[in-house]
Amino acid sequence: MLVKGRKVAGRGEAVAAHYAFGPLEDDIIIKHRLLTRTTTTRGEPPLKKLQKKFTSFALEIEKDVDNYNDCERLAKAFIQELKTFELPLLKSKAVIDANLREKENFNELNDEINRQIIQAQADIEDLKKQLEESKIERQHKEECEAIRRLIGMQPPRSETQKIITDLEKEIAMLEAENTAGSRTLELRKKQFALLLHVVDELQNTIEEEQKSLIEEMRIALDDQKNGVEDATGGSEAMAVD
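Residues numbered from 1 in each chain as written. Predicted model: local features only at pLDDT ≥ 70, side-chain atom pairs only at ≥ 80, totals over all residues. Heavy atoms only, no water.

### Observations concerning the pattern of salt bridges
Here is step 1 of the chain: Applying the stated rule across the entire model yields 10 salt bridges.
Here is step 2 of the chain: One salt bridge connects K141 with E137, and the closest N-O pair in it is separated by 3.8 Å. Here E137 and K141 lie together in helix 3 (residues 68–153), a separation of 4 residues that amounts to about one turn.
Here is step 3 of the chain: By relative accessible area, which is 55% here, K141 ends up exposed.
Here is step 4 of the chain: A salt bridge links K162 to D166, with the nearest nitrogen and oxygen atoms 3.3 Å apart. With K162 and D166 both in helix 4 (residues 157–240) and 4 residues apart, the pair spans about one turn of that helix.
Here is step 5 of the chain: Accessibility expressed as a relative area gives 53% for K162, which makes it exposed. (Salt bridge = Lys/Arg side-chain N within 4 Å of Asp/Glu carboxyl O. Helix = DSSP H or I, 4+ residues; strand = E, 2+ residues; numbered from the N terminus. Buried < 20%, exposed > 50% of the residue type's maximum accessible area, 1.4 Å probe, protein only.)

### Focus on the packing of helix 2 (residues 46–62) against helix 3
Here is step 1 of the chain: Put simply, helix 2 and helix 3 touch, their axes get as near as 9 Å, and they point 160° apart. On the basis of the axis angle, helix 2 is roughly antiparallel to helix 3. Crossing of helix 2 over helix 3 shows left-handed handedness. Residue-level inspection shows P46, L47, K49, L50, K53, F54, S56, F57, E60 and I61 of helix 2 in contact with helix 3, the latter providing D70, C71, L74, A75, A77, F78, E81, L82 and F85. (Axes fitted to C-alpha atoms, helices over the stretch in contact; angles between N-to-C directions. Parallel < 35°, antiparallel > 145°, perpendicular 65-115°, else oblique. Left-handed = near helix turned anticlockwise from the far one by under 90°. Contact = heavy atoms within 4.5 Å.)

### Some points on the confidence of the model for the protein
Here is step 1 of the chain: On average, residues of the protein carry a pLDDT of 79, and 78% of them reach 70 or more.
Here is step 2 of the chain: Least confident of the elements in the protein is strand 1 (residues 4–6), whose mean pLDDT is 42; most confident is helix 3, at 89.
Here is step 3 of the chain: Note on residues 1–16: pLDDT is under 50 here. Beyond four places in sequence and across chains, it has 17 contacts. (pLDDT = per-residue confidence, 0-100.)

### Things to note about a nonpolar patch on the surface
Here is step 1 of the chain: Residues F192, L195, L196 and V199 make up a contiguous nonpolar surface patch of roughly 390 Å² in combined accessible area.
Here is step 2 of the chain: Looking at where L195 falls in the secondary structure, it is placed in helix 4.
Here is step 3 of the chain: Of the residues examined, L195 reaches a relative accessible area of 48% and is grouped as partly exposed. (Patch = residues over 30% accessible without salt bridge, like charges linked within 9 Å, V, L, I, M, F, W, Y side chains within 5 Å. Areas by Shrake-Rupley, 256 points an atom, 1.4 Å probe, with all protein chains shown as cover.)

### Regarding the environment of C71
Here is step 1 of the chain: Here C71 shows up in helix 3.
Here is step 2 of the chain: Between the C-alpha atoms of C71 and E60, which are 11 residues apart in sequence, the distance is 6.1 Å.
Here is step 3 of the chain: Contacts of C71, omitting those with residues within four sequence positions, involve F57, E60 and I61.

### Topic: helix 2
Here is step 1 of the chain: An ideal rise of 1.5 Å per residue puts 24 Å on 17 residues; helix 2 measures up with 25 Å between its terminal C-alpha atoms.
Here is step 2 of the chain: Taken residue by residue, helix 2 has P46, L50, F57 and E60 as its buried positions. Along the axis of helix 2, the buried positions cluster into a sector of 95°, meaning they face one direction only. Residues of helix 2 that are exposed and point more than 90 degrees away from the buried face comprise Q51, K52 and E62.
Here is step 3 of the chain: Against helix 3 lie the buried residues of helix 2. (Expected span 1.5 Å × (residues − 1). Arc of directions from axis to C-beta.)

### Quick look at helix 3
Here is step 1 of the chain: Helix length check: helix 3, at 86 residues, gives a terminal C-alpha distance of 123 Å against a target of 128 Å (1.5 Å per residue), a fit within 8%.
Here is step 2 of the chain: Buried within helix 3 we find C71, L74, A75, F78, E81 and F85.

Next up, the structure:
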């Protein structure tokens, strides 16, 4: 029998129940009572009644008197009580078998649910990958669409080719002008170098001619001076004579 204790708590306090046995001990006691059927809601327990019937039958058999009718009556009563006691056991066995079948069905259903959960998780992962791939594909499509719009904003290929051809011609003309300019500049450099050389030669020639002219003038002055001296000496000689 379970012994319960109850604590009267004040306002705002929780009420805690205390038991003489723990949950595991309660289960063992209940299981024993169900198996032995020593607990009943009303009347005498079936196992005790069966025990009394058997004891009465056994005591009657041990008597030495002629009590065949009493023994038969007690035997029938014992068998009847045994059948009465066996019926709940059969019902309990049927319930146990049904519970076992239900447990097996539950285990199968649990396994099936777990399998479906694993499959659903795998499907979710696949869907995540597909979603990522779809996002990447959509991004590529948007980029391609942006490029297509940008290309559509550009002039036609023929017009672009014409512009490129004109630019190539202009570049060729500029390169030709550049080449001609380079050649002209090189020619002007050579002409200027030749002019400098000629000027240098002319300057040297002028300097030499100036030197020669100065030398000739000096010689002429020397000759004139000598002539004057000679004339003066003759006059003096004539005067002395």
